[in-house]
Amino acid sequence: MIDGGEADRQAQLLRGALDMCLLALLSERPAHGYELVQRVGEAGFPSVGYGTIYPLLTRMRRLGLVAQEVQDSPHGPARKVYAVSDAGHARLTDWTAQWNEFVDVVGSVLAGGVPSEARSQQ
Amino acid sequence: MTIDEAITAAGQEWRRLGVPARDRQALAADLRLDLEAAVADGVPADQLIDGDVTVFARRLVEESGVRHVPARYGQIAATALAGAVVGVLVGVLVVAGLYMILVRLFNLPGDFNAPVAVAAGIYYGGIGLVALAGAVIGVLILLRHVPAIGRTAAAITVLVPLSAIVMVPLLMLFARATGYSTAISIVLIEIALSIAGFAAVTTLARRWSLTRLLKG
């Protein structure tokens, strides 16, 4: 059970990483808006709702990282399906490398060590 | 909450934020498509937009990168009107002061008579100009934090004198039609017409300045 303080902390951590997570999930398989919400929940962020994801998708579309296509559905209304663009794939590669480096540094600091790069500068 | 209710609430917030009509329509159409698909999957719209629709609408506008400036028509019209009222009072004093100075400086012959139209034009025109200055200065100072207020003040400076060309004859016609009555009801109607006309022009000025800004 996550209490209020921890939930805030998690929300802060997620704020800088959610767009990257969305790109990663969409790069696995295109999805429509609500389906992406479900996949984010299944990935481990059940508290992240449509009200957070839809504006973020709108921003990523504006930045050209995500493309949308309206597809007719045999079972209901037409659906907007989001997919990662070429620019989005390139950005995801950059972000992934940046994130891994960041995690390494934070992990080293938390483990009480000094990151190798910082050691070489000393 | 139905999809229509959610879209309407979001649309009202976008209008309040000053999002141009075309962008509001595009945002609404996009959102509707997404909500309809989700509702078809059995998820109610109010469960999707968990919480305050206006917060969601604001966030969506910020993330979409749509240029928007809050209109604040009422606030601008009220401030300009207050400035104009102060300007009228100052204008009366200025014109009266100038008149006294001119009388002292120039010893006009006793039978000198300026044409009534010229004298009235100078008197009321002078007061009108000071009133306009009051409105513009009031808006610029009191609403300096409002985006694009400089453009709006410039538009007021242009449009108010132009509107006076239409409004003043109309008011004169009304006064003539009522036999130049000074009955309180007639005077109040004249004041109300003047205020309504002024408010309409300042609103038009704001709208004009925002249209130019968002197109530019």
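Residues numbered from 1 in each chain as written. Chains lettered and ligands numbered in written order. Predicted model: local features only at pLDDT ≥ 70, side-chain atom pairs only at ≥ 80, totals over all residues. Heavy atoms only, no water.

A closer look at the overall build of chain A
For chain A, the helix and strand inventory stands at six helices and three strands. Reading chain A from its N terminus to its C terminus gives the helix and strand order α-α-β-α-α-β-β-α-α. The buried share of chain A, reckoned over its 122 residues, is 33%. A sequence separation of at least 24 residues applies to 47% of the contacts in chain A between residues at least 6 apart. With an accessible surface of roughly 7,400 Å², chain A has 52% of that area assigned to carbon and sulfur atoms. (Helix = DSSP H or I, 4+ residues; strand = E, 2+ residues; numbered from the N terminus. Buried < 20%, exposed > 50% of the residue type's maximum accessible area, 1.4 Å probe, protein only. Contact = heavy atoms within 4.5 Å. Areas by Shrake-Rupley, 256 points an atom, 1.4 Å probe, with all protein chains shown as cover.)

Section: the sheet that holds strand E1 (residues 31–32) of chain A
Judged by pairing direction, the sheet is antiparallel, and its three strands sit side by side in the order E1-E3-E2 (chain A) without closing on themselves. Bordering the open sheet on either side are E1 and strand E2 (66–73) of chain A, each of which pairs with just one other strand. Here E1 of chain A pairs with strand E3 (residues 76–84) of chain A via two bridges, running antiparallel. Bridging across to E3 of chain A, His-32 of chain A finds its partner in Val-81 of chain A. Running at roughly 110° to E3 of chain A, helix H2 (residues 18–28) of chain A makes contact with E1, E2 and E3 of chain A of the sheet. Helix H2 (residues 21–40) of chain B contacts E2 and E3 of chain A of the sheet and is inclined by roughly 110° relative to E3 of chain A. (Pairing = 2+ DSSP bridges. Axes fitted to C-alpha atoms, helices over the stretch in contact; angles between N-to-C directions.)

Things to note about the pairing of E3 of chain A
Residue and element names in this part refer to chain A. Relative to E3, E2 is paired through seven bridges, and the arrangement is antiparallel. Bridge assignment links Gln-68 to a residue of E3, and that residue is Tyr-82. Once E2 ends, the chain turns through two residues before running back antiparallel as E3.

Overview of the interface of chain A and chain B
Chain A puts 20 residues into the contact, and the matching count from chain B is 20 residues. Summing the contributions of chain A and of chain B, the shared interface buries around 1,800 Å²; its carbon and sulfur component is 59%. Our count for the contact surface shared by chain A and chain B stands at four salt bridges. We note a salt bridge from Arg-59 of chain A to Glu-63 of chain B, for which the minimum N-O separation is 2.8 Å. On inspection of chain A and its partner chain B, the count reaches nine residue pairs in polar contact (both at pLDDT 80 or more). (Buried area = accessible area lost by both parts, 1.4 Å probe. Salt bridge = Lys/Arg side-chain N within 4 Å of Asp/Glu carboxyl O. Polar contact = N/O pair within 3.5 Å; in protein donor to acceptor, adjacent residues only side chain to side chain.)

Here we look at the packing of aromatic side chains
The final tally for this structure, using the stated rule, is five aromatic pairs over all chains. Ring geometry for Tyr-50 of chain A and Phe-56 of chain B: centres 6.3 Å apart, planes at 25°, overall stacked. Here Tyr-50 of chain A, found in helix H4 (residues 50–62), pairs with Phe-56 of chain B, found in helix H4 (residues 53–64), and the two come from separate chains. With relative accessibility at 2%, the residue Tyr-50 of chain A sits in the buried group. You can call Phe-56 of chain B buried: its relative accessible area is 4%. Linked through ring pairs, Tyr-50 and Tyr-54 of chain A together with Phe-56 of chain B together constitute an aromatic cluster. (Phe/Tyr/Trp six-rings, centres within 6.5 Å; stacked < 30°, edge-to-face > 60°.)

Quick word on the nonpolar core
One recurring pattern in soluble globular proteins: nonpolar side chains tend to sit buried together. Residues Tyr-50 of chain A together with Trp-14 and Leu-35 of chain B are the most contacted members of the largest nonpolar core, which totals 48 residues. Setting aside chain neighbours within four positions, we find Tyr-50 of chain A in contact with Gly-33, Val-37 and Pro-55 of chain A together with Leu-31, Asp-34, Leu-35, Leu-48, Ile-49 and Phe-56 of chain B. Residues Leu-132, Ala-135, Val-136 and Ala-205 of chain B belong to the second largest nonpolar core, which totals 18 residues. (Core = buried A, V, L, I, M, F, W, Y, C linked by side-chain atoms within 4.5 Å.)

Fair warning: the whole summary comes from geometry, so function is off the table for now.
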